[in-house]
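Residue-level listing of the chains:
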Amino acid sequence: MARDPLPKLDPDALSDLDNQRLEIPPELPVMAIENIVIYPYMIAPIIVADDRSKRLVDDVLGGNRIIGLFTRREEQEGYTGFEQLFSSGTAGVILKMLRMPDGTMRVLVHGMSRIQITEPLAETPYLRARVEEIHERVFGDTETQAMIKSAQHLVRSIVELSSLPEDFAVAAMSLSDPGKLADLVASNLSLKIPEQQEILELADTKRRLARVLDHLGHEIELLRLGDKIQDRVRTAIDKSQREYMLREQLKAIRHELGETEEGDSEISQMRRDFADESAYPEHVRRAAERELSRLEGMSSNSAEYTVSRTYLDWLHTLPWERSTDDHLDIRRAKRILDEDHCGLERIKERILEYLAVLKLKANMRGPILCFVGPPGVGKTSLGRSIARALGRQFHRFSLGGLHDEAEIRGHRRTYIGAMPGRIIKALRTCDSNNPVVMLDEIDKVSSDFRGDPASALLEVLDPEQNHTFTDNYLDLPFDLSRVMFITTANMLDTVAPPLRDRMEVLSLSGYTPQEKREIARLHLVPKQIEANGLRRSQIAFTSATLDRIIEEWTRESGVRNLERQIGTVCRKVARTVATRGGAKRRVRVEPTQIARLLGKPQFDRTESFEARHPGVAVGLAWTPHGGELLAVEVSKMPGTGKLSLTGQLGDVMKESAQAAMTHLRANAKRLGIADDAFKDSDIHIHVPEGAIPKDGPSAGITIATALASLMRGQRLRPKLAMTGEITLKGSVLPVGGIKAKVLAAHRAGIHTVLLPSRNRRDLTDIPKDVRDQIEFRFVSRMSDVLRHALPGE
């Protein structure tokens, strides 16, 4: 219901209705009204728009025309039932009804007496209830008479100060009943609905009049204050202050009229929002209140106004206390991780462990994980999968080439164009304080005169500190302890040790051919079919086809190049389909067709990494891109005992070669090498692919074995590779990157791998199918290496 903007009061109604009092039935139809409270003896027009109220009006017009008028609560919206209405209202009679062209009704109602709902009876076809009349308690003592005189005097003053009609004062002066006088005044003052309802519910006429006197006094103060402001603005005008004073006058007028400028309205709304204790911590509310007070005193045309307003917008929109609900179903999380990624069991177990602990301890701090591995093994996609399994928001940004500390901590507000850092921006984008945030390429962070971003990350990635992370722009602590940070790197050598110490490092060494085939079948092939405009009914890859692509075109740790090759095949088939105007049958890509589609193979699957000649040994190396096979060649020639090293070797690798040479010469007789093998001979050690820098100690036993093979004139056993560091005394020391090296050996068809004995524990990281296809032999002395490497030992 809506009230038509017509006069609230017919003064003659006060006596007419009293003389013709109607009896109130015990059951009444109930009409819900909005934005107005109807008092007894009050005549008001109401616009009826909803179907239920129209039905009510039509039904009562044929009877006694008496209905219950109950005001709807302001905060309630939607369907109107008894729970949306105040329990006290007014019984009224419909005087007139007029149907409007737009389908609505205009109803003129006359208030009769106060009533309250004692029992709801029905909600269809309209509201009906059992009601009880509220009887007033009337006082006629001296104090009440004095209150009546005071109210009449105040009404006269308000009429003189405002634009209220003179009839209002005349009607008030003619009343001697305190209850009727209070109702008359309340219906003519601009009171809020709860204040009007409070007066309606007061059956004690003395208390009701006292409450109205309070409102009259407040209204008088506002009107007098308005006059003072008007006088002050009027008398203070001069030429230099004209524009400023006109703005002040306009602001004062709007305030007295209950209107606000758009900026003032937004500030008021923001102040109400910041008052919510469940959405903002105490220190944020205090800072926001200070800034809002400063903003109210600024001109909207000043530069400082924009800076302050932007700062408040950041405080207002950040998720200080908002978070998403975690999906704590461990079986579901495991299913999602298995669907998205093949292998990677250790990382999946770590995520499931975190989820299990979170289920038992809700306030657990988020872990800081670091995924280290070659390109294309799925580090970034694994972060998205983790976020999906946890039911959290996901945000990723790259740290590659980042060299400004302010990118992490933000700029101070004193700078022009200052903004928060990327961490705070990520939280605002996710709109939750517990997302999964991935910091990609953390090993490629650099520093210059603007600061060291790695140092700023120390606080972000430290669970003991990040619950009070302070961005320079906000200058307020923000709790990052619930954020799950995931970093990625190709190698840890360039990551600062303090930063590395704060992260839990999980290695992704690469995939086996079987895992690559499954990844291609489940993920890469469907993705490329869709990306190239094909349908699954138009193209199919056999397992043998995928195996051939993996072995002859993509010998890598990850699957990025494999996806490119599958995409190439899909584009070739798409061209065929487009040329023929649509495929009539499904194209089945067979292994024999791959060479025609992709060109000549990049790797020979029949290539044997064997030492075909004495003086040649195959080693295993680790690179940021995964494991690699490393051939070592040794030759000798007449000379003076000089040692030459070529192949762009680093200092550590050169020292390993010298150590291997020294050990063999010192133990030549015991190792089966002729005494004069090194006499009058120069030794040349070369590692092929000289354009690629090589370094590290893990080629020590490979170089020593190649030297022994040359000196003894024996070839090494076929399909054998090795890795390990050698000492001057012939001990074999453990090395790193075992999983990546073994996977490289498996890709190359190696059958036997020699590993340091102390690396035996690293075999648990290697997939079982790879362990079953390779024979591992563990060595602790150089003599053990030669016994396994040379035939007849």
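A few points on the structure.

**Comments concerning the overall build of the chain**
Piece 1. When helices and strands are counted, the chain shows 27 helices and 25 strands.
Piece 2. Counting across all 793 residues of the chain, residues that qualify as buried make up 49%.
Piece 3. Partitioning the contacts of the chain with sequence separation of at least 6, the portion at a separation of at least 24 is 75%.

**A look at the packing of aromatic side chains**
We describe a pair of aromatic rings using the distance from one ring centre to the other and the angle between the two ring planes.
Piece 1. Enumeration according to the criterion identifies three aromatic pairs in this entry.
Piece 2. Ring centres of F274 and Y280 lie 4.8 Å apart, and the angle between their planes is 55°; this geometry places the pair in the tilted category.
Piece 3. For Y280, a relative accessible area of 5% translates into the label buried.
Piece 4. A centroid spacing of 4.8 Å and a plane angle of 40° characterise the contact between W320 and F478, whose relative ring orientation is tilted. Placement of W320 in the loop between α11 (303-317) and α12 (330-340) and of F478 in strand β12 (residues 477-478) is noted, with a sequence separation of 158 residues between them. Residues W320 and F478 agree in their burial class; the two are buried.
Piece 5. The residue whose ring lies beneath R428 is W314, and the NZ or CZ to ring-centre distance is 4.0 Å.
Piece 6. One residue, R760, lies across the ring of F778, its end atom 4.1 Å from the ring centre.

**Structural notes on the packing of helix α23 (residues 651-666) against helix α24 (residues 700-712)**
How two helices pack is summed up by the angle between their axes together with the distance between the axes.
Piece 1. Axis separation between α23 and α24 bottoms out at 9 Å; the angle between their running directions is 45°. The angle between α23 and α24 falls in the class oblique. Relative to α24, α23 is oriented so that their crossing is right-handed. From α23, M653, S656, A657, A660, M661 and L664 reach across to α24, where they touch G700, I703, A704, L707 and A708.
Piece 2. Here the contact of α23 with α24 is built from residues that sort into nine nonpolar, two polar and no charged.

**Quick look at the side chain of T752**
Piece 1. Mapped onto the elements, T752 comes out in strand β24 (residues 752-756).
Piece 2. The class for T752 is buried, based on a relative accessible area of 12%.
Piece 3. Contacts of T752, omitting those with residues within four sequence positions, involve K719, L720, A721, E775 and R777.

**Some details on the packing of helix α3 (residues 142-161) against helix α4 (residues 166-173)**
Piece 1. The contact between α3 and α4 brings their axes to 9 Å, and the two run at 170°. Taken together, the axes of α3 and α4 are roughly antiparallel relative to one another. On α4, the residues that touch Q152, V155, R156 and V159 of α3 are E166, F168, A169, A172 and M173.

**A word on helix α5 (residues 178-188)**
Quick reminder: α-helices carry 3.6 residues per turn. Residues three or four places apart thus point the same way.
Piece 1. Taking burial as the measure, the 11 residues of α5 include 11 buried ones, the bulk of the element.
Piece 2. Of the positions making up α5, those classed as buried are P178, G179, K180, L181, A182, D183, L184, V185, A186, S187 and N188.

**With respect to the environment of M491**
Piece 1. Checked against the element boundaries, M491 lands in the loop between β13 (484-489) and α18 (497-501).
Piece 2. M491 sits 118 residues away from G373 along the chain, and the two C-alpha atoms are 6.8 Å apart.
Piece 3. In contact with M491, not counting residues within four places along its chain, are V372, D443, W622 and P624.

**Some details on the side chain of S681**
Piece 1. Among the secondary structure elements, S681 is positioned in strand β20 (residues 681-686).
Piece 2. Among the residues examined, S681 registers a relative accessible area of 11% and is labelled buried.
Piece 3. Discounting chain neighbours no more than four positions away, the residues touching S681 are K636, M637, P638, G639, T640, G641 and K642.

**Points about the sheet that holds strand β8 (residues 368-372)**
Piece 1. Strand order across the open sheet formed by five strands is β9-β10-β13-β8-β14, with parallel pairing between neighbours. Each having just a single partner strand, β9 (394-398) and β14 (504-507) make up the two edges of the open sheet. Strand-to-strand twist of the sheet, defined as the mean angle between neighbouring strand axes without regard to direction, takes the value 20°.
Piece 2. Pairing analysis gives five bridges linking β8 to β13, with the strands arranged parallel. Bridged to C370 within β13 is T487.
Piece 3. Along the sheet, helix α13 (residues 345-360) contacts β8, β13 and β14; its crossing angle with β14, the most-contacted strand, is approximately 145°.

**Regarding unusual backbone geometry**
Piece 1. Going from T124 to P125, the amide bond is cis rather than trans, its omega being -5°.
Piece 2. Counting through the fold element by element, P125 comes out in the loop between β6 (105-122) and β7 (128-133).
Piece 3. Even without being glycine, D475 reaches a positive phi, approximately 60°.
Piece 4. With respect to the element layout, D475 can be found in the loop between β11 (469-470) and β12.
Piece 5. Assessed through its relative accessible area of 54%, D475 is described here as exposed.
Piece 6. Its identity is not glycine, yet Q648 carries a phi of approximately 55°, on the positive side.
Piece 7. Looking at the secondary structure, you find Q648 in the loop between β19 (643-646) and α23.
Piece 8. Judged by its relative accessible area of 42%, Q648 is partly exposed.

What counts and how
- Residues numbered from 1 in each chain as written.
- Predicted model: local features only at pLDDT ≥ 70, side-chain atom pairs only at ≥ 80, totals over all residues.
- Heavy atoms only, no water.
- Helix = DSSP H or I, 4+ residues; strand = E, 2+ residues; numbered from the N terminus.
- Buried < 20%, exposed > 50% of the residue type's maximum accessible area, 1.4 Å probe, protein only.
- Contact = heavy atoms within 4.5 Å.
- Phe/Tyr/Trp six-rings, centres within 6.5 Å; stacked < 30°, edge-to-face > 60°.
- Lys NZ or Arg CZ within 6 Å of the ring centre and 35° of its normal.
- Axes fitted to C-alpha atoms, helices over the stretch in contact; angles between N-to-C directions.
- Parallel < 35°, antiparallel > 145°, perpendicular 65-115°, else oblique.
- Left-handed = near helix turned anticlockwise from the far one by under 90°.
- Nonpolar A, V, L, I, M, F, W, Y, C, P; charged D, E, K, R; others polar.
- Pairing = 2+ DSSP bridges.

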